[in-house]
There are 2 protein chains.
Amino acid sequence: MKTISVLGSTGSIGTQTLEVAEHLGNVKIAGLSTNRNIKLLEEQIRRFKPEIAAVADEKAALDLKVSVADTNTKVVSGVDGLCQVSTHKKAGSVVTSIVGIAGLIPTNAAIDEGKDILLANKETLVTAGDIIMKKAEEKGASIIPVDSEHSAIFQCMQGGGAVDRIILTASGGSFFGRKKHELENVTVDEALAHPNWSMGKKITIDSATLMNKGLEVIEAHHLFGIDYDNIEVVIHRESIIHSMVEFTDGSILAQLGYPDMRLPIHYAICYPERVSSIVERMDFKKLSKLSFAQPDVDTFRLLSLAVWAGVHGGTMPTVLNAANEAAVELFLEGKIKFLEIAEIVEKHLQKHKKIINPSLSEIIDLDRQIKEEILR
Amino acid sequence: MKTISVLGSTGSIGTQTLEVAEHLGNVKIAGLSTNRNIKLLEEQIRRFKPEIAAVADEKAALDLKVSVADTNTKVVSGVDGLCQVSTHKKAGSVVTSIVGIAGLIPTNAAIDEGKDILLANKETLVTAGDIIMKKAEEKGASIIPVDSEHSAIFQCMQGGGAVDRIILTASGGSFFGRKKHELENVTVDEALAHPNWSMGKKITIDSATLMNKGLEVIEAHHLFGIDYDNIEVVIHRESIIHSMVEFTDGSILAQLGYPDMRLPIHYAICYPERVSSIVERMDFKKLSKLSFAQPDVDTFRLLSLAVWAGVHGGTMPTVLNAANEAAVELFLEGKIKFLEIAEIVEKHLQKHKKIINPSLSEIIDLDRQIKEEILR
């Protein structure tokens, strides 16, 4: 029997995590959290009977407290509440499916308590990879990736062996093959039409700009300790090969499966064991080809900008991520054009004076500052 | 420093094994053997300075004895000589790159001495899989596959986890896509024109008939303890994915690389470590697609016949293999047509009275008997 807390349990990854946990049958839920979706959280509380549930929004937390007063679940709120969920003594591991920099503090708190992290929050490693990986090692906390690409790499590396290169596959998103002039007037709906994956809006836009892949490169660098020079991005439209690892002997291992986040979630929860899952089996009678192409980094500049920020390190990835998050918000609100996302990110990277070894609070302050500047 | 003996050192796998050993630099050669290519064996003796060298052909052995009289290598002959090479006390492991049933006795002898087997001889497991795998377990001898497909599966399984399915990839050989009436008058040269792999003649014909894949299914069954129902053959024309493993959670791992036998040889020699190799690195800028198709088992009947023989077990795979070997010999000599290979094999399977648990000598006698019957 494993007991987990799920940060961001009302989001896409969070709900799928609970679905997987329910299927497995031997997974208990210690804690849940939401930003403000208390309707769904209430349903989850009644179904999974967690010890504790956190609502980031203080006002919504008060409402939830009333509505679940008849249950045994303790309702807490704010960042402190999230940390209570992530560090709950009954939770052996924490699924960090919370979106945004909000995941950083509760993830860090969980690692402080030596809990294993089933990592689905990109910002944790993108903005604070150096701090987090070092602390995880010190505290003996495992970081098990939930992202499909990093899960693929992690699975390929389980047999051991020195790694020479990581090949991160990318679907190419909604606008693969288009040139810059064809992207000038694309709409939000067009950008949200991802060919393979059904995901949240922010990540779908990041997929269309290739920023998502850039963030994954930075994550992979921290997670697997691989130099940026040895991380390659390859476009793979079918999203069947979720990523690959080349070992020092030149042999490549790849992990394959239909695009279904429940598999990497299931793998992370069951790790290091493999247990029967609910995902659909690959039908080779229906699989005729897997295609590959090179990313067009002139058109989709955010991929290069992300790698640039990763290589320069310090607070650069924080600026990259914050500027992107704010710019994507503006794009989704119809306030800027698609290509302006990259322009905004680049402008902020250019003018930023890097802090080499930022603290967590410096990272969080900088994130807020950049976003305020862009969104005001 | 590892010390190996190489059975069949003058063949395709044997010479590549020595090339890999030389590159590695820390591999000593205890023994070598050839059927009758004493010219090349002499060169190898002078270069690798083995303790012992065996020539299967007694007459050729006498000639070699004279020509390498100035070296410290002991020359031996016949089956007994092959066993002296495979069991040489300095050899920690034995590469069984000898072709045909001739590999069975020296491989068995090596396992008796607890030596690890780097298995490149198909007949060992096809004809005597039950005996050999049981004995290897008893003696604590590892069987490490050298065949590219089985090496791929072996690599994918290194991370552990229960296996649900093995997906053996097949290039489809020289005649992929053709129907039966288009195969009636194909020539030996056409059959020998393999799209990806440069191999010996026998195996290239087996690749064209899909018998090679059938033999590999039987090998995989024994090597990995997987039911025939859970071994699937998929045509993959590019020979880049060398095989795949599906785990119980539905996740698939695949091993990729250019078609180059030096990689699985290198892997087997270095196992369980991964060490820098001489193989060409995959260039994803040049890889545009990987394609898949279903094998046409109506046209290429030897694949079904092989699986049938495997499922029925006992001496059936020995009959399959012996009849095929003889029939391929007749085809290569221009004495029968391409489609007659399958007809001959089927006829002999049909009339054979199966021995359920044959001994090694029964297997070897039966092999000789079937071949004599076909070749006389």
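Residues numbered from 1 in each chain as written. Chains lettered and ligands numbered in written order. Predicted model: local features only at pLDDT ≥ 70, side-chain atom pairs only at ≥ 80, totals over all residues. Heavy atoms only, no water.

## A closer look at the domain arrangement of chain A
Residue and element names in this part refer to chain A. Domain boundaries assigned for chain A yield domain 1 (2-145) and domain 2 (159-258 + 283-375). Computed over C-alpha atoms only, the centres of domain 1 and domain 2 are separated by 25 Å. The interface of domain 1 with domain 2 comprises 20 residues on the first partner and 21 residues on the second. Between domain 1 and domain 2, the buried area comes to about 1700 Å², and carbon and sulfur atoms account for 70% of it. On the domain 1 side of the contact with domain 2, I101, K122 and V126 bury the most area, a combined 35% of that side's loss. Across the contact surface, domain 1 and domain 2 share one salt bridge. Note that K122 is salt-bridged to E216, the shortest N-O span being 3.6 Å. Counting across the interface, domain 1 meets domain 2 through one residue pair in polar contact (both at pLDDT 80 or more). Those elements that provide at least two residues to the side of domain 1 that touches domain 2 are α5 (104-112), α6 (122-139) and β7 (143-145). Grouping the constituent residues of the side of domain 1 that touches domain 2 by class yields 11 nonpolar, six polar and three charged. (Domains from an automatic or database assignment. Contact = heavy atoms within 4.5 Å. Buried area = accessible area lost by both parts, 1.4 Å probe. Salt bridge = Lys/Arg side-chain N within 4 Å of Asp/Glu carboxyl O. Polar contact = N/O pair within 3.5 Å; in protein donor to acceptor, adjacent residues only side chain to side chain. Helix = DSSP H or I, 4+ residues; strand = E, 2+ residues; numbered from the N terminus. Nonpolar A, V, L, I, M, F, W, Y, C, P; charged D, E, K, R; others polar.)

## With respect to unusual backbone geometry
Residue and element names in this part refer to chain A. Put simply, Y271 and P272 share a cis peptide bond, and its omega is 5°. Structurally, P272 is set in the loop between α11 (262-270) and β12 (289-291). Even without being a glycine, K49 presents a positive backbone phi close to 50°. Residue placement: K49 occurs in the loop between α2 (38-48) and β3 (52-55). Despite not being glycine, L210 shows a phi value in the positive range, around 75°. Structurally, the position occupied by L210 is in the loop between α9 (201-209) and α10 (211-224).

## What about the packing of α5 of chain A against helix α15 (residues 360-375) of chain A?
All names here are of chain A. Axis separation between α5 and α15 bottoms out at 11 Å; the angle between their running directions is 165°. Overall, the two elements α5 and α15 adopt an arrangement that is roughly antiparallel. Judged by the twist between their axes, the crossing of α5 over α15 is right-handed. The segment α5 lies against α15, with L104, I105 and N108 engaging L360, I363 and I364. Grouping the constituent residues of the contact of α5 with α15 by class yields five nonpolar, one polar and no charged. (Axes fitted to C-alpha atoms, helices over the stretch in contact; angles between N-to-C directions. Parallel < 35°, antiparallel > 145°, perpendicular 65-115°, else oblique. Left-handed = near helix turned anticlockwise from the far one by under 90°.)

## A closer look at the sheet that holds strand β1 (residues 2-7) of chain B
Strand pairing within a sheet occurs via backbone hydrogen bonds; the two strands may be parallel or antiparallel. Residue and element names in this part refer to chain B. Judged by pairing direction, the sheet is parallel, and its seven strands sit side by side in the order β4-β3-β2-β1-β5-β6-β7 without closing on themselves. In this open sheet, the two edge strands, each paired with only one partner strand, are β4 (74-77) and β7 (143-145). In this sheet, neighbouring strand axes are inclined to one another by 20° on average, regardless of whether the strands run parallel or antiparallel. The pairing of strand β3 (residues 52-55) with β4 spans four bridges and is classified as parallel. Within β4, the position partnered with V55 by the bridge is S77. Against the sheet, helix α3 (residues 58-67) makes contact with β3 and β4, and its axis sits at roughly 170° relative to β4, the strand it touches most. (Pairing = 2+ DSSP bridges.)

## Notes on the interface of chain B and chain A
Taken together, the 43 residues of chain B in the interface contact 43 residues of chain A. Roughly 3500 Å² of surface becomes buried between chain B and chain A when both sides are summed, with 56% attributable to carbon and sulfur atoms. Area buried by chain B at its contact with chain A is led by D249, R274 and F284 of chain B, which between them contribute 22% of it. In this assembly, chain B and chain A are joined by six salt bridges. Note that D164 of chain B is salt-bridged to R281 of chain A, the shortest N-O span being 3.0 Å. Counting across the interface, chain B meets chain A through 25 residue pairs in polar contact (both at pLDDT 80 or more). Counting residues per element, the ones that place at least two in the side of chain B that touches chain A are α7 (148-156), β8 (163-170), β9 (231-235), β10 (241-247), β11 (252-256), α11 (262-270) and β12 (289-291) of chain B. Considering every element that reaches the side of chain B that touches chain A, the biggest residue donor is β11 of chain B, with five residues.

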